[in-house]
Amino acid sequence: MSRLFRRKDDVPQRSLWQRIKDVVRTDVSVLFSGVEEGSLEALETLLIESDFGVPTSLALVAEVERRHKRGEVKTEAEFRRALAEGVEAALRRGNADPSLAMVAGGPTVLLVIGVNGAGKTTFIGKLAARFQGQGQRVLLGAADTFRAGAIDQLRVWSERAGVDFVGGAAGSDPASVAYDAVDAGITRGADVIIVDTAGRLHTSDDLMTELRKIHRVIKKRLPEAPHEVLLVLDGTIGQNALSQARTFSAAVPVTGLVVTKLDGTAKGGIVVAVHEALNVPIKFVGLGEQIGDLEPFDAGEYARELVAT
């Protein structure tokens, strides 16, 4: 995850740590000495603007301040380490296991949800390639029948990854396609079945009703499935991602989060905010459009990258 916020084609941007240093304009001790009035409040504001959310931002600053009073934070390096450790601790609280719930001796069914444009179908393709590279037999189900382009896009990804594909005609019943995909995966001896879904506006009641139906139909064909419901969020949209997460999780039982298009200069805190709000683990981060641009989430590495120089 060392390239988390540093992709080669990115326009150079100022890191979160560089912006923090603007708040602490001289030595880190200024934060705690009272020489520069309002520095702690300014730091809290900066973290909130970086989408950590108010509770997490206040808790992070309070913890750093406590550690300073114990003599543990005196230098810039100690300050940065304290922030990173606070972020990591927040990401490890509660339901935080990033591993996927895989079924031994039978197909594992993954239902992938999220709004259009979040990178959902691209994530499915990259995850399929990852499983295929591990020797798993994979089948993709194109239950996003709302857009013909989504079906075609997933078919292309299946060909690129070298995995099986089941799809229906545009406009057909998405739950029927999901059922057929699970049925085909069982018949063909697939190890992993990944079902794509439509992603119209998350405020659409029809979409949420449709997702609940897909979830029920999959369970009808395979009672213990889906084994994971993965919600894909665009990391660059900040607090809107939190709103989406709450809406989707109210419709179906989300078991894991995938954050794409991460931007550590502005919106990196949303990963922490969403995890804490939903008590759902981050499973993967998407780093680009290439088939290998997907990495399992590592809370420690993420936290260190977030406050790297």
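The text that follows walks through the structure, step by step, so that each part is easy to find. (Residues numbered from 1 in each chain as written. Predicted model: local features only at pLDDT ≥ 70, side-chain atom pairs only at ≥ 80, totals over all residues. Heavy atoms only, no water.)

Side note on the environment of alanine 59
Among the secondary structure elements, alanine 59 is positioned in helix 4 (residues 54–69). Spatially, the C-alpha atom of alanine 59 lies 9.2 Å from that of glutamate 44, the residues being 15 residues apart in sequence. (Helix = DSSP H or I, 4+ residues; strand = E, 2+ residues; numbered from the N terminus.)

Examining the packing of aromatic side chains
How two aromatic rings sit relative to each other is given by the distance of their centres and the angle of their planes. Evaluation of the coordinates by the stated rule reveals 2 aromatic pairs. Each ring, one from phenylalanine 123 and one from phenylalanine 284, has its centre 5.9 Å from the other, and the planes form 50°; the classification is tilted. Taken together, the positions of phenylalanine 123 in helix 6 (residues 120–133) and phenylalanine 284 in strand 7 (residues 282–286) put the pair 161 residues apart, joining distant regions of the chain. You can call phenylalanine 123 buried: its relative accessible area is 2%. When the ring of phenylalanine 297 is compared with that of tyrosine 302, the centres are 5.4 Å apart and the planes differ by 50°; the resulting orientation is tilted. (Phe/Tyr/Trp six-rings, centres within 6.5 Å; stacked < 30°, edge-to-face > 60°. Buried < 20%, exposed > 50% of the residue type's maximum accessible area, 1.4 Å probe, protein only.)

Quick word on the pairing of strand 1 (residues 108–113)
A regular strand carries its side chains on alternate faces of the sheet. Among the 6 residues that make up strand 1, 6 are buried, leaving the element largely enclosed by the rest of the structure. Burial of strand 1 is two-sided: the residues Thr108, Leu110 and Val112 facing one way and the residues Val109, Leu111 and Ile113 facing the other way are all buried. Across 4 bridges, strand 1 lies against strand 4 (residues 192–196) in parallel orientation. Paired with leucine 111 across the two strands is valine 195, which belongs to strand 4. (Pairing = 2+ DSSP bridges.)

Description of helix 8 (residues 174–188)
Structurally, the α-helix is built with 3.6 residues per turn, so residues lying three or four positions apart point the same way. With 15 residues, helix 8 extends 21 Å between its outermost C-alpha atoms, agreeing within 8% with the 21 Å of an ideal straight helix rising 1.5 Å per residue. Among the residues of helix 8, Pro174, Ala175, Val177, Ala178, Ala181, Val182, Ala184 and Gly185 are the ones counted as buried. Close packing links the buried residues of helix 8 with strand 1, strand 2 (138–142), strand 3 (164–167), strand 4 and helix 9 (205–221). Once helix 8 finishes, glycine 189 follows within two positions and takes phi at roughly 75°, a positive value. (Expected span 1.5 Å × (residues − 1). Contact = heavy atoms within 4.5 Å.)

Focus: the side chain of lysine 283
Secondary-structure assignment places lysine 283 in strand 7. Taking relative accessible area as the criterion, lysine 283 reaches 4% and is therefore assigned buried. Polar side-chain contacts of lysine 283 include one of 3.4 Å to the backbone oxygen of aspartate 97. Discounting residues that sit within four places of it in the chain, lysine 283 has contacts with Asp97, Pro98, Ser99, Leu100, Glu228, Leu230, Thr255, Gly256, Leu257, Glu295, Pro296 and Phe297. (Polar contact = N/O pair within 3.5 Å; in protein donor to acceptor, adjacent residues only side chain to side chain.)

Focus on the packing of helix 9 against helix 10 (residues 239–251)
When two helices pack together, their arrangement is given by the angle between the helix axes and the distance between those axes. It is the contact of helix 9 with helix 10, at a shortest axis distance of 9 Å, that shows an interaxial angle of 45°. Judged by the angle between their axes, helix 9 and helix 10 are oblique. Crossing of helix 9 against helix 10: the hand is right-handed. Contacts between helix 9 and helix 10 involve Leu207, Met208, Leu211 and Arg212 from the first element and Thr247, Phe248, Ala250 and Ala251 from the second. (Axes fitted to C-alpha atoms, helices over the stretch in contact; angles between N-to-C directions. Parallel < 35°, antiparallel > 145°, perpendicular 65-115°, else oblique. Left-handed = near helix turned anticlockwise from the far one by under 90°.)

A look at the pattern of salt bridges
Counted by the stated rule, this structure contains 16 salt bridges. We note a salt bridge from aspartate 164 to arginine 188, for which the minimum N-O separation is 3.8 Å. Of the two residues, aspartate 164 sits in strand 3 while arginine 188 sits in helix 8, which places them 24 residues apart along the sequence. On the basis of relative accessible area, aspartate 164 is assigned to the partly exposed category, the value being 23%. Judged by relative accessible area, which is 37%, arginine 188 ranks as partly exposed. Close ionic contact of aspartate 234 with lysine 261 constitutes a salt bridge, the shortest N to O distance being 3.5 Å. Here aspartate 234, found in strand 5 (residues 228–234), pairs with lysine 261, found in the loop between strand 6 (256–260) and helix 11 (270–278); they are 27 residues apart in sequence, far enough to count as distant. Classification of aspartate 234 as buried rests on a relative accessible area of 10%. Through salt bridges that share partners, Arg67, Arg70, Glu72 and Glu85 make up one connected network. (Salt bridge = Lys/Arg side-chain N within 4 Å of Asp/Glu carboxyl O.)

Re the nonpolar core
Formed by 98 residues in total, the largest nonpolar core has its most connected members in Ile113, Phe123, Ile194 and Ile218. The element that contributes the greatest number of residues to this core is helix 5 (residues 76–92), accounting for 7 residues. When residues no more than four places from it in sequence are discounted, the contact partners of isoleucine 113 are Lys120, Thr197, Leu211, Val229, Leu230, Leu231, Val232, Phe248, Val252 and Val254. (Core = buried A, V, L, I, M, F, W, Y, C linked by side-chain atoms within 4.5 Å.)

Some remarks on the sheet that holds strand 4
Across the sheet, 8 strands lie side by side as 3-2-4-1-5-6-7-8; this open sheet has mixed pairing. The sheet is open, and its two borders are formed by strand 3 and strand 8 (294–296), each paired with just one other strand. The sheet shows a mean angle of 20° between the axes of neighbouring strands, direction not considered. Contacts between helix 9 and the sheet are confined to strand 1, strand 4 and strand 5, with strand 1 contributing the most and set at about 175° to the helix. The strands touched by helix 10 are strand 1 and strand 5; relative to strand 5, the strand with the most contacts, the crossing angle is about 155°.

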